[in-house]
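Residue strings, one per chain:
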Amino acid sequence: MLMREKTRARGMSLFQEEFVATSAAVRVRFGAGARRAVGDEMEALGVRRALVLTTAQQAATADEFAAMLGERSAGTFTGAVMHTPVAVSEEATEVARRLGADCVVAVGGGSTTGLGKAIALRTDLPQIVVPTTYAGSEATPILGQTEGGRKTTITSPKVQPEVILYDAELVRTLPVPMTVTSALNAMAHAAEGLYARNRSPMSTLMAIEGLRAFRDALPRVVAEPAGLKARGETLYGAWLCGTVLGQVGMALHHKLCHTLGGSFDLPHAETHAIVLPHAIAYNEHAVPDLLAPIAEIFGAASAGGALHHFAMSMKAPLALRDLGLREADLDRAADLATENPYWNPRPVERDALRRLLQAAWAGEPPAA
Ligand code: NAD
């Protein structure tokens, strides 16, 4: 009760005595059917020939865009894959050059957005992104890419997309299990944004509103996956959470997911969904006040517990062992995650992290 009252008192103002805030110049067009404005957006950018990017699974959507663009389509490249392999990026860049493209239109999840960013890094072509998941990459200047089994991350204004079209009609086809894990992936950006060292009142506002949007809309999307209004609200949440990711630094949660994805080949969104309540519960010991908004949004006693219950009620995967991680790998995962010291609100202690991983592996509730 005391904690709740404190939160409410804090909630009246997000004022910070000092902060530095940086926002990118990104144009966002939001609304069901927004994809149909892609030609207008190209005109506003002063470009005439777009290379449309998707994954092989979304090739039909690429064809729809090419047809919609008519002469403004330079062609399609449907080879986007997870983790943005450098070889694929170079092939797609070559295709863009050969076809005389002067912009890319990336339609898809984080993998397709990543490919558009990789092309922009090499060519400076402007990007129009049409997200079909909630991963949030469209709102960041960050590119993760892989070469020779190693994942590296680049942060540069060169890869920040210029235009985002959020169209709820396109996200309706996202299967419910992916909808849930992708939403929790987005919520992880907001949750870690609440304690980021370089947070600002603006990033905190966006994080709280993004989490609230998912709390309200995700259960409605799960109940009626084709409902446009609730899908739109989840995309609104994705925009806010992705913008937080683009503005402030991440900590333990993202580091753990990066390690598990990179070294054990675990799937991106599912890993985020499982680790999130544990990482937040771990940090809640150090910064309970900064995480109190999460407990308040969900009407729960703790932020870690709130996220665990929400994930459970959305039938999200709860155990890393169900993703194929072996119990014998947990020691190495704990070693890797503690290897390079990085900032986290609570010191990253190897034994405590090993216990966190054990609970996440077994699908147990996060330690209180
Ligand atoms: P994804 O883009 O890999 O998509 C997963 C699968 O779902 C693909 O086969 C895709 O074609 C399909 N899909 C996507 N939207 C669909 C829809 N509406 N209907 C039907 N199928 C659909 O998955 P993701 O989780 O969006 O992205 C993960 C990748 O994004 C990772 O590589 C991650 O590192 C990266 N990422 C980067 C950032 C950043 O800021 N750089 C942020 C978040 C994620």
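Residues numbered from 1 in each chain as written. Predicted model: local features only at pLDDT ≥ 70, side-chain atom pairs only at ≥ 80, totals over all residues. Heavy atoms only, no water.

J.: Whenever I open this one, the overall build of the protein chain confuses me. Can you help?
T.: If you tally the helices and strands in the protein chain, you get 15 helices and eight strands. Taking 21 Å as the expected radius of gyration for a compact globule of 368 residues, we find that the protein chain reaches 20 Å, a close match to that expectation. Taking the principal axes of its C-alpha atoms as reference, the protein chain extends roughly 60 × 45 × 40 Å. When burial is assessed residue by residue, the protein chain has 54% of its 368 residues classed as buried. For the protein chain, contacts bridging at least 24 residues in sequence account for 75% of all contacts bridging at least 6. When the accessible surface of the protein chain is totalled, it reaches about 15,500 Å², and 54% of it is carbon and sulfur. Here the protein chain contributes 35 positive and 38 negative side-chain charges, whose respective centroids are spaced 1 Å apart. (Helix = DSSP H or I, 4+ residues; strand = E, 2+ residues; numbered from the N terminus. Rg over C-alpha atoms; globule rule 2.2 N^0.38 Å. Buried < 20%, exposed > 50% of the residue type's maximum accessible area, 1.4 Å probe, protein only. Contact = heavy atoms within 4.5 Å. Areas by Shrake-Rupley, 256 points an atom, 1.4 Å probe, with all protein chains shown as cover. Lys, Arg positive; Asp, Glu negative; His and termini not counted. Charge placed at Lys NZ, Arg CZ, Asp CG, Glu CD.)

J.: Is there a simple way to think about the site of the ligand in this case?
T.: In the vicinity of the ligand there are 22 residues, among which Thr55, Ser111, Thr132, Thr133 and Thr140 approach most closely. Here an oxygen atom of the ligand and a side-chain polar atom of Gln58 are 2.8 Å apart. In this structure, an oxygen atom belonging to the ligand sits 2.7 Å away from a side-chain N or O atom of Thr133. Taken by itself the ligand offers 860 Å² of open surface, and the protein chains cover 85% of this. By residue class, the composition of the shell around the ligand is seven nonpolar, 13 polar and two charged. (Near = heavy atom within 4 Å. Polar contact = N/O pair within 3.5 Å; in protein donor to acceptor, adjacent residues only side chain to side chain. Nonpolar A, V, L, I, M, F, W, Y, C, P; charged D, E, K, R; others polar.)

J.: How should the packing of helix α7 (residues 176–193) against helix α8 (residues 201–223) be read in this particular structure?
T.: Pairs of packed helices are described in terms of their axes, by the angle between the two and the distance that separates them. For the pair α7 and α8, interaxial distance at closest approach is 9 Å and the crossing angle is 170°. The orientation of α7 with respect to α8, classified from their angle, is roughly antiparallel. Along the contact surface, α7 presents Val176, Thr179, Val180, Ala183, Ala186, Met187, Ala190 and Ala191, while α8 presents Ala207, Leu211, Phe214, Leu218, Val221 and Val222. (Axes fitted to C-alpha atoms, helices over the stretch in contact; angles between N-to-C directions. Parallel < 35°, antiparallel > 145°, perpendicular 65-115°, else oblique.)

J.: What exactly am I supposed to notice about the nonpolar core here?
T.: Most often, soluble globular proteins have nonpolar side chains that are buried together. By size, the foremost hydrophobic cluster in this structure holds 45 residues, and its most contacted members are Tyr134, Met187 and Ile294. The set of elements that each furnish at least two residues to this core consists of β8 (163–166), α6 (168–171), α7, α8, α9 (228–247), α11 (268–284), α12 (288–298) and α13 (303–313). With eight residues, α7 is the single largest residue contributor to this core. Excluding residues that lie within four positions of it along the chain, Met187 makes contacts with Leu211, Phe214, Cys241, Leu276, Phe298, Leu307 and Phe310. Formed by 24 residues, the second largest nonpolar core is a distinct cluster that contains Cys257, Phe264, Leu266 and Ala333. (Core = buried A, V, L, I, M, F, W, Y, C linked by side-chain atoms within 4.5 Å.)

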